[in-house]
Amino acid sequence: MRILHTSDWHLGRSFHRVSMLDAQAAYLDHLVGTVGEHSVDVVVVAGDVYDRAVPPLSAVQLFDDALHRLAAAGVPTVMISGNHDSARRLGVGAGLIARAGIHLRTDPAECAAPVVVSDTQGDVAFYGLPYLEPALVRESLGASKAGHEAVLSAAMDRVRADLASRPDGTRSVVLAHAFVAGGEPSDSERDITVGGVAAVPAGVFDGVDYVALGHLHGCQTVTERVRYSGSPLAYSFSEHAHRKTMWLIDLGHGGDLAAERIDCPAPRPLARLRGRLGTLLEDPALERHRDSWVEATLTDPARPDEPMARLLERFPHTLSLVFDPERTPGDPLASYAQRLKGRDDQQVAEDFVAHVRGGSGPSAQERTVLRAVFDDVRVGDGVNEVSR
């Protein structure tokens, strides 16, 4: 069975205030074309269909058009909700839509109710695990504790139990939206840390033939059978070196697996340039970036006059300007942002406690309280967004 694995469309998202709607439409054209060109049997979309819980109408129309085209192609499609989606909104009408071959899995209670597709070699059971927010699904899944590993393990126990009840030789595919250990994140994914832990071990998914992951935006292989397709478009300059692709998976008899990457169309290349303004404006080697979206980091010791206007003359598609002046290691004017680089909210808060106490950091109990507060705020923000 030939499966096209994609995820993280983020319909409705912009890139540094530039609308990505046309690029997203071009990608969906490419996806539908790929289905026909490569004789795809099933399309799987591993979450974050939209960029936010209440997407703009233009994004909803784009999604609606994609569903009609996939249904018209007669190719079954299985989708799950991600941490950016409103699961309840995305799942509206799922029962009716399923009659057209579009299967939306947004309810954690349905994680062990697969979409079964057959070919000449038997059945393939597609299990959809929508994004599982531990604080919201722990009780319903009977998880031992409120953590990503615990709730995913509970969901996978249900999947394995259902799979064991099916005829011998039934192949299995799991769609999941999660941060799996070994994956490489970028700057454009929303933090899903709970209790100081974001990643879960790949072993959680043992026992199935293929795991189609979403959440991380870089296409990558965690194990031979556990893969991220990544986002089809770049949504941050940290993705400038990504090769944006989808996975074309051939799942054969007994779970034999072959994988191929299918490139996605890029609206414009990305470039991260760094140096003094004069160098960026004069270096002939940088001419190849004239048509790129550019993030320029200026290292001039003093801020130059009208840097953005001058950069735009050479690089008309400059979108981001960062100042990181050259300083000696002991310079007291080293930027606050530079001192915070690579530190998460928890570490910043702990540093603040140490600062106001004159060097004494928080106790273990206080660290636990801080972590619980950050988790509550993050979960609360997500719940409030979905309930709007």
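Quick caveat, the model's predicted, so the values are computed rather than measured. (Residues numbered from 1 in each chain as written. Predicted model: local features only at pLDDT ≥ 70, side-chain atom pairs only at ≥ 80, totals over all residues. Heavy atoms only, no water.)

Participant: Help me out: how do you make sense of the UniProt feature "domain: Calcineurin-like phosphoesterase" (unreviewed entry) in the chain in this one?
Facilitator: Under the local residue numbering, the UniProt record ascribes the feature "domain: Calcineurin-like phosphoesterase" (unreviewed entry) to residues 1-218. Taken end to end, residues 1-218 has its terminal C-alpha atoms 25 Å apart, with 31% of it in helix and 23% in strand. (UniProt positions renumbered as here; feature names shortened; annotations may be inferred. Helix = DSSP H or I, 4+ residues; strand = E, 2+ residues; numbered from the N terminus.)

Participant: Help me understand the sheet that holds strand β18 (residues 293-298), please; the structure alone is not making it clear to me.
Facilitator: Sheets are built from strands paired through backbone hydrogen bonds, the pairs being either parallel or antiparallel. Across the sheet, which stays open at both edges, the three strands sit in the order β17-β18-β19 with parallel pairing between neighbours. The open sheet has two edge strands, β17 (270-275) and β19 (318-323), and neither has a second partner. Averaged over all pairs of adjacent strands, the angle between their axes in this sheet comes to 15°, without regard to strand direction. Where β18 meets β19, five bridges bridge the pair, whose relative direction is parallel. Within the sheet, the bridge partner assigned to valine 294 lies in β19 and is threonine 318. (Pairing = 2+ DSSP bridges. Axes fitted to C-alpha atoms, helices over the stretch in contact; angles between N-to-C directions.)

Participant: When you look at the side chain of aspartate 300 in this model, what are you seeing that I'm missing?
Facilitator: Of note, aspartate 300 is situated in the loop between β18 and α8 (307-314). Residues within four places of aspartate 300 in sequence aside, it is in contact with Gly275, Arg276, Leu277, Pro325 and Glu326. (Contact = heavy atoms within 4.5 Å.)

Participant: Looking at this structure, I do not really get unusual backbone geometry. What am I missing?
Facilitator: Apart from glycine, the bulk of residues carry a negative phi angle, and the bulk of peptide bonds sit in the trans form. The backbone of arginine 17 shows a phi angle near 75°, a positive value even though the residue is not glycine. If you trace the backbone, arginine 17 turns up in the loop between β2 (14-15) and β3 (18-19).

Participant: I keep staring at the pattern of salt bridges and nothing clicks. Help me out?
Facilitator: It is possible for side chains bearing opposite charge to pair when their charged atoms get close. If you walk through the whole model with that rule in mind, you get 15 salt bridges. A network of salt bridges, in which partner residues are shared, links Asp29, Asp65 and Arg69. (Salt bridge = Lys/Arg side-chain N within 4 Å of Asp/Glu carboxyl O.)

Participant: Whenever I open this one, the packing of aromatic side chains confuses me. Can you help?
Facilitator: The way to describe two aromatic rings as a pair is by their centre distance and the angle between their planes. Evaluation of the coordinates by the stated rule reveals four aromatic pairs. Ring geometry for tryptophan 9 versus tyrosine 27: centroids 6.3 Å apart, planes at 70°, classification edge-to-face. Here tryptophan 9, found in the loop between β1 (2-6) and β2, pairs with tyrosine 27, found in helix α1 (residues 21-37); they are 18 residues apart in sequence, far enough to count as distant. The exposure class of tryptophan 9 is buried, given its relative accessible area of 1%. For tyrosine 27, a relative accessible area of 2% puts it in the buried group. Note on phenylalanine 15 and tryptophan 293: the rings are 5.3 Å apart at their centroids and 35° apart in plane angle, and the pair reads as tilted. Pair noted here: phenylalanine 15 is in strand β2 and tryptophan 293 is in strand β18, with a separation of 278 residues, a long-range link. Across the pair, exposure class does not vary: phenylalanine 15 and tryptophan 293 are buried alike. Three or more aromatic residues joined by ring pairs make a cluster, and in this case those are Phe15, Phe237 and Trp293. Cation over ring: arginine 227 sits above tryptophan 247, and NZ or CZ is 4.4 Å from the ring centre. (Phe/Tyr/Trp six-rings, centres within 6.5 Å; stacked < 30°, edge-to-face > 60°. Buried < 20%, exposed > 50% of the residue type's maximum accessible area, 1.4 Å probe, protein only. Lys NZ or Arg CZ within 6 Å of the ring centre and 35° of its normal.)

Participant: What am I meant to see in the pairing of β18 here?
Facilitator: Within a regular strand, the side chains alternate between the two sheet faces. Buried residues dominate β18, accounting for six of its six residues. Bridge analysis of β17 against β18 gives six bridges, and the strand direction is parallel. Paired with leucine 273 across the bridge in β18 is alanine 296. Read as a crossover between parallel neighbours, the route from β17 over helix α7 (residues 277-282) to β18 is right-handed. One crossover worth recording links β18 to the parallel β19 by way of α8, and it is right-handed. (Right-handed = clockwise from strand over helix to strand, strands pointing away.)

Participant: Help me out: how do you make sense of the sheet that holds strand β14 (residues 226-228) in this one?
Facilitator: An order of β7-β8-β9-β12-β14-β13 is seen for the six strands of this open sheet, with the pairing classed as mixed. A strand with exactly one partner marks an edge of an open sheet, and here the two such strands are β7 (115-119) and β13 (220-223). If you compare each strand with its neighbour and ignore which way they point, the axes differ by 20° on average. Sheet topology places strand β8 (residues 122-129) next to strand β9 (residues 171-177); six bridges connect them, and they run parallel. Looking across to β9, one finds that leucine 129 is bridged to alanine 176. Strands β8 and β9 of the sheet are contacted by helix α6 (residues 148-164), whose axis makes an angle of about 160° with β8.

Participant: Where do I start with the nonpolar core in this structure?
Facilitator: For soluble globular proteins, the rule of thumb is that nonpolar side chains tend to be buried together. Formed by 34 residues in total, the largest nonpolar core has its most connected members in Leu129, Leu141, Leu152, Met156, Val174, Phe205 and Leu213. Of all the secondary-structure elements, those providing two or more residues to this core are β8, α5 (134-141), α6, β9, β10 (179-180), β12 (210-214) and β14. No other element matches α6, which puts eight residues into this core. Residues in contact with leucine 129, not counting those within four places in the same chain, are Ile80, Cys111, Leu152, Ala155, Met156, Val159, Val174, Leu175, Ala176 and His177. Val75, Met79, Leu90 and Leu104 belong to the second largest nonpolar core, which has 29 residues in total. (Core = buried A, V, L, I, M, F, W, Y, C linked by side-chain atoms within 4.5 Å.)

Participant: Got a minute to help me understand helix α2 (residues 57-72) in this structure?
Facilitator: Given 3.6 residues per helical turn, the α-helix brings residues three or four places apart onto the same face. Taking 1.5 Å of rise per residue, 16 residues should cover 22 Å, and α2 covers 22 Å from first to last C-alpha, within 8% of that figure. The complete set of buried residues in α2 reads Ala59, Leu62, Phe63, Ala66, Leu67 and Leu70. Buried positions in α2, seen along its axis, are confined to an arc of 135° and lie on one side of it. Across from the buried face of α2, at angles greater than 90 degrees, the exposed residues are Leu57, Gln61, His68 and Ala72. (Expected span 1.5 Å × (residues − 1). Arc of directions from axis to C-beta.)

Participant: What am I meant to see in α8 here?
Facilitator: Regarding α8, the residues found buried are Pro307, Leu311 and Arg314. Projected down its long axis, α8 carries its buried residues within an arc of 55°, all on one side. If you follow the buried residues of α8, they end up packed against α7, β18 and β19.

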